[in-house]
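# Per-entry structural report
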Amino acid sequence: MNIDKKIVDDLVANDVSFVTTVPCKQLAGVIEEVEARDEIFHIPSNKEDEGMGLCAGAFMGGKRPCIIMQNTAIGVTINTLATLIQYYRMPLPMLISYRGELREPVACQVEMAVHTKALLAQMNIPTYHFHTQKDAEEFDMILKYTFMCNKPVAILTDANFWGGYGDQ
Amino acid sequence: MIRSEILKEIAPILRPHLVVCNIGLPSQELHMIDDQPTNFYMLGTMGLSSSIGFGLALAQDKTVISIDGDGSVLTNLGTLPTIANNATDNYILMIIDNGSYGSTGDQPTYAGKKTNLTDVARACGCDNVIECRDVDTGKVLQEAIDSKKMTIIVVKCDSGNIKLPVITMDPVVIRDRFMKAVQA
């Protein structure tokens, strides 16, 4: 199974047609797949709060959005999540590379990793953690849940899920 | 002219279109001057008026006008390259540049000093950038709408505020009303 293709297949099957991304090495394959699909309009963002603004507008224009970003972005987007996405009650699946977890080679990434789940919990954001590729079987259900309840929902995908960092 | 005088003058031009209005006094002023279901009022999240409006313009065909401020654009400067590189001709970004953070007590912004937002927008790759005087706003805005070309308008005006109430409408009501107007 190609995991990048499976994730994007699930997005398309759930009518997600507006995807914004801020890159991560681990997400490179998914971003490439998003860019390749005719069913999806892909718009890279310069910063994740900007991306959430784009997603909010796209949702109000009738599209189902998704943001793909690193977990460091949780530190950037707390205000936007609280005062835009949650306050106006909008759905937003957030596919997040969970840097700083097991098999992480860069020590500084751990500094935000240790806050990631606590911040999401503090924000009452439903959070799922994909550690093995079998976990992605739930992605389709998570997307349906997100657009059912009109909330931001976090899907954390760690290095083990993506198969590590090559030679690490 | 100050921002509220400009909004009063352009309200009839804005009325048939989808408007995303900046946080704080701009939204409060537009709400008081000409509340419409086609207005999306930002109650928080400084800086994202351009991004919300742009996402909306990309997602559907109606003309969208984002009303932004110089301080807010400086907060989210990354928005201009995104807009420039994904241009959609149903989008107008109107930056009301009074050189100050009006909602917080008129502290000066860098746009009122050495930074020229018109030049910044052009350097970011935006093709149609028009700087105008406050008195010409209505004419320039109408021409931009009629041109059906994505346009960035930088309106140079005086700083100053009027006293007015906060918006008490529930955010979900604002959003629901707005989405129905988008679909109408």
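Below: a short report on this structure. All residue numbers refer to position in the chain's written sequence, counted from 1. Naming scheme: in the order in which they are written, chains are lettered from A and ligands are numbered from 1. Restriction of local features to residues with pLDDT of at least 70 applies here, the model being predicted, together with a cutoff of 80 or more for giving and counting side-chain atom pairs; totals for whole chains, interfaces and linings are based on all residues.

### What to know about the overall build of chain B
Using the following cut-off: Where helices and strands are cited, they refer to DSSP runs of H or I of at least four residues and of E of at least two residues respectively, numbered from the N terminus. What the globule rule says is 2.2 Å times the number of residues to the power 0.38, and the radius of gyration is computed from C-alpha atoms. Residues with at least 20 neighbouring C-beta atoms inside 10 Å of their own are called buried, those with 12 or fewer are called exposed, and the rest are partly exposed, where every C-beta is derived from the backbone. We call two residues in contact if the C-beta atoms placed from their backbones are at most 7 Å apart.
A count of helices and strands for chain B gives eight helices and eight strands. Against the compact-globule benchmark of 16 Å for 184 residues, chain B has a radius of gyration of 15 Å, which places it among compact chains. Projected onto the principal axes, the alpha-carbon positions of chain B cover approximately 40 × 35 × 30 Å. The buried share among the 184 residues of chain B stands at 47%. Restricting the contact set of chain B to residue pairs at least 6 apart, pairs at least 24 apart contribute 69%.

### A short note on the nonpolar core
Under the convention used in this document: We define the nonpolar core as any set of buried residues of the types Ala, Val, Leu, Ile, Met, Phe, Trp, Tyr and Cys, connected via C-beta atoms lying within 7 Å of each other.
Formed by 95 residues in total, the largest nonpolar core has its most connected members in B:Met94 and B:Ile153. The element that contributes the greatest number of residues to this core is helix H3 (residues 48-60) of chain A, accounting for seven residues.

### Quick look at the packing of helix H4 (residues 73-86) of chain A against helix H5 (residues 107-122) of chain A
All names here are of chain A. The criterion, for reference: With axes taken as lines fitted to C-alpha atoms, and helix axes fitted only over the stretch in contact, angles between N-to-C directions fall between 0 and 180 degrees. Each angle is binned into one of four classes, with values under 35 degrees roughly parallel, values over 145 roughly antiparallel, values of 65 to 115 roughly perpendicular, and all other values oblique. A clockwise turn of the near helix away from the far one marks a right-handed crossing, whereas an anticlockwise turn of less than a right angle marks a left-handed crossing. Asp, Glu, Lys and Arg are counted as charged, while Ala, Val, Leu, Ile, Met, Phe, Trp, Tyr, Cys and Pro are counted as nonpolar; the rest, among them Gly, fall into the polar class.
Where H4 meets H5, the axes come as close as 10 Å, and the angle between the chain directions of the two elements is 30°. Overall, the two elements H4 and H5 adopt an arrangement that is roughly parallel. Along this stretch, H4 crosses H5, giving a crossing that reads as left-handed. Packed against H4, whose contacting residues are Ile-74, Gly-75 and Ile-78, the element H5 presents Met-112, Thr-116, Leu-119 and Leu-120 at the interface. Taken together, the residues of the contact of H4 with H5 break down into five nonpolar, two polar and no charged.

### A look at the environment of A:Tyr165
Residue and element names in this part refer to chain A. Tracing the backbone through its elements, the reader meets Tyr-165 in the segment after helix H7 (159-162). By the C-beta count within 10 Å, which is 13 here, Tyr-165 ends up partly exposed. Considering only alpha carbons, one finds Tyr-165 and Pro-105, 60 residues apart in sequence, at a separation of 8.0 Å. With residues near it in sequence (within four places) discarded, Tyr-165 still touches Arg-103, Pro-105 and Ala-159.

### A short note on the sheet that holds strand E2 (residues 41-44) of chain A
Residues and elements named next belong to chain A. The condition that has to hold: Each pair of strands is called paired provided DSSP finds at least two bridges between the two strands.
Pairing is parallel in the open sheet, where six strands are placed in the order E2-E1-E3-E4-E6-E5. Edge positions in the open sheet fall to E2 and strand E5 (127-130), since each of these has one partner strand only. Going from strand to strand, the sheet's axes swing by 20° on average, the running direction of each strand aside. As judged from the four bridges shared by E5 and strand E6 (residues 152-158), these two strands associate in the parallel manner. Directly across from His-129, in E6, lies its bridge partner Leu-156. In this fold H3 packs onto strand E1 (16-21), E2, strand E3 (64-70) and strand E4 (92-98), with an angle of close to 170° to the strand it touches most, E3. Relative to E6, H4 is tilted by about 160°, and along the sheet it contacts E3, E4 and E6.

### Brief notes about the sheet that holds strand E8 (residues 151-156) of chain B
Residues and elements named next belong to chain B. Pairing within the open sheet is parallel, and its six strands lie in the order E2-E1-E3-E4-E8-E7. The sheet is open, and its two edges are formed by strand E2 (39-41) and strand E7 (129-133), each paired on a single side. Going from strand to strand, the sheet's axes swing by 20° on average, the running direction of each strand aside. Both strand E4 (residues 91-97) and E8 contribute to a ladder of six bridges, which runs parallel. Residue Asp-97 lies in a different strand from E8, and its bridge partner there is Lys-156. Taken strand by strand, helix H7 (residues 137-147) contacts E4, E7 and E8, and its axis lies near 180° from that of E8.

### So, the environment of B:Arg175
Note on placement: B:Arg175 falls in helix H8 (residues 171-183). We classify B:Arg175 as buried; it has 21 C-beta atoms within 10 Å. A C-alpha to C-alpha distance of 9.3 Å links B:Arg175 and B:Asn39, two positions 136 residues apart in sequence. Among all residues touching B:Arg175, those that are not within four sequence positions of it are A:Met60 and A:Tyr88.

### Some remarks on the interface of chain B and chain A
Taken together, the contacts link 26 residues of chain B with 25 residues of chain A. Taken together, the elements giving at least two residues each to the side of chain B that touches chain A come down to helix H3 (49-59), helix H5 (79-85) and H8 of chain B. Per-element tally for the side of chain B that touches chain A: the top contributor is H3(B), with eight residues. Here the side of chain B that touches chain A is built from residues that sort into 13 nonpolar, twelve polar and one charged.

### Some thoughts on helix H2 (residues 28-36) of chain A
Residue and element names in this part refer to chain A. Keep this limit in mind: Directions drawn from the helix axis to the C-beta atoms are what define this arc.
Along H2, the residues classified as buried are Val-30, Glu-33 and Val-34. Taken down its axis, H2 places every buried residue within 100° of arc, on the same side. Turned more than 90 degrees from where H2 packs its buried face, Glu-32 and Ala-36 sit exposed. Its buried side turned inward, H2 meets helix H1 (3-13), E1, E2 and E3.

### Considering the pairing of E4(A)
Residue and element names in this part refer to chain A. Under the convention used in this document: A right-handed crossover is one whose linking path, passing over the helix from the first strand to the second, runs clockwise when the strands point away from the viewer.
In terms of burial, E4 is largely enclosed, as seven of its seven residues are buried. On E4, burial covers both faces: Leu-92, Met-94, Ile-96 and Tyr-98 on one face and Pro-93, Leu-95 and Ser-97 on the other are all buried. Looking at chain direction, E3 and E4 are connected through four bridges and run parallel. Counted as the bridge partner of Ile-67 is Met-94 from E4. Read from E3 through H4 to E4, the crossover connection turns out right-handed. Alignment of E4 against E6, held across seven bridges, turns out to be parallel. Residue pairing for E6: Met-94 is matched across the bridge by Ala-154.

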